[in-house]
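# Structural description and commentary
In case you want the letters, here they are:
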Amino acid sequence: MAMIRQSSVPEMLTQSTDLMTNPSVEKFERYERYGTLGNAAVYVLAAIAISAVLGFVGSFLPGTPRPSFLGVFDTILRGLAQFFIFTGMVYFMGKKLYAGDGTWDEVAYTFSLFIAPLIAIGAVITFIVTLFAWIPFIGALVGLIGLLVSLVLMVVQIYYAYLGVQSSMNLRDSTQTLIVLVLSFLASGLIMGIISWFL
């Protein structure tokens, strides 16, 4: 087994750009051993922090709820928890259901390379929509465009996740890959719901 190396955030940005502009199982395979859970945590944390700060700044705009520092930290903690629970479930389901031979490091690192940029892009879109929301006609138009872009980003994220599962867990069967993704999504949603219930 090849040794996993550490990547810096600038290296991860370069890898993300390459992976997202030329997505393929082979491309995901190329980068899966370039980092660890720790690298994934730093990268996703940076994107979630950007999202939380933009949300906080946007809350000062007209017609938005007042800001809360506690809300920023809550967003960051929940976002990180959600990322690790989901990638942990992908690893667990892939290994237990279909004998996938990837590692949690590979799953988390691979997923971080597309999830972190998509979080940041989504945050910028939300901020732009918030920025124009108080202007009657323009706000509605920008909101509609923002919704459409968000839907496209969701489809793109599902596609990248599909390739990421195939690569990081070495599952080449489409049905197995989809089952792992759907069950991981449902299980992580249930776990996050339980966590939210108690917090």
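Residues numbered from 1 in each chain as written. Predicted model: local features only at pLDDT ≥ 70, side-chain atom pairs only at ≥ 80, totals over all residues. Heavy atoms only, no water.

## What about the UniProt feature "transmembrane region" (unreviewed entry) in the chain?
Annotation from UniProt places "transmembrane region" (unreviewed entry) at residues 40–63, 75–94, 106–135, 141–165 and 177–198. Between the C-alpha atoms that bound residues 75–94 there is a distance of 28 Å. The span itself is 100% helix and 0% strand. Split by type, residues 141–165 is 100% helix and 0% strand. Its first and last C-alpha atoms lie 36 Å apart. (UniProt positions renumbered as here; feature names shortened; annotations may be inferred. Helix = DSSP H or I, 4+ residues; strand = E, 2+ residues; numbered from the N terminus.)

## Observations regarding the packing of helix α3 (residues 37–58) against helix α5 (residues 104–132)
Orientation of α3 relative to α5, taken along the N-to-C sense of each, is 10°, at an axis distance of 8 Å. Between α3 and α5, the crossing angle belongs to the class labelled roughly parallel. (Axes fitted to C-alpha atoms, helices over the stretch in contact; angles between N-to-C directions. Parallel < 35°, antiparallel > 145°, perpendicular 65-115°, else oblique.)

## Points about the packing of aromatic side chains
Under the criterion given, the structure shown has 8 aromatic pairs. Aromatic pair F111 and F114: ring centres 5.2 Å apart, planes at 45°, arrangement tilted. Taken together, the residues span about one helical turn, with F111 and F114 both in helix α5 at a distance of 3 residues. A residue is classified by how much of its surface remains accessible, and F114, at 0% relative accessible area, is buried. (Phe/Tyr/Trp six-rings, centres within 6.5 Å; stacked < 30°, edge-to-face > 60°. Buried < 20%, exposed > 50% of the residue type's maximum accessible area, 1.4 Å probe, protein only.)

## Quick look at a nonpolar patch on the surface
A cluster of nonpolar side chains, namely V124, I128, L131, F132, F137, I138, L141, I145 and V149, defines an oily patch on the protein surface of about 750 Å² accessible area. Elements with a contribution of two residues or more to the nonpolar patch: α5 and α6 (136–168). Counting residues per element, the nonpolar patch draws most heavily on α6, which supplies 5 residues. For I138, the position within the fold is in helix α6. (Patch = residues over 30% accessible without salt bridge, like charges linked within 9 Å, V, L, I, M, F, W, Y side chains within 5 Å. Areas by Shrake-Rupley, 256 points an atom, 1.4 Å probe, with all protein chains shown as cover. Salt bridge = Lys/Arg side-chain N within 4 Å of Asp/Glu carboxyl O.)

## Things to note about the environment of L171
Tracing the chain through its elements places L171 in the loop between α6 and α7 (174–198). Each C-alpha atom of the pair L171 and E29 lies 12 Å from the other, and the pair is 142 residues apart in sequence. Excluding residues within four positions of it along the chain, L171 makes contact with G94, Y98, G100, V165, Q166, Q176, T177 and V180. (Contact = heavy atoms within 4.5 Å.)

## Comments concerning the nonpolar core
Formed by 44 residues in total, the largest nonpolar core has its most connected members in L19, F83, V90, F111, L113, F114 and V165. Among the secondary structure elements, those contributing two or more residues to this core are α1 (9–21), α2 (25–31), α3, α4 (69–98), α5, α6 and α7. If one sorts the elements of this core by residue count, α5 sits on top with 10 residues. (Core = buried A, V, L, I, M, F, W, Y, C linked by side-chain atoms within 4.5 Å.)

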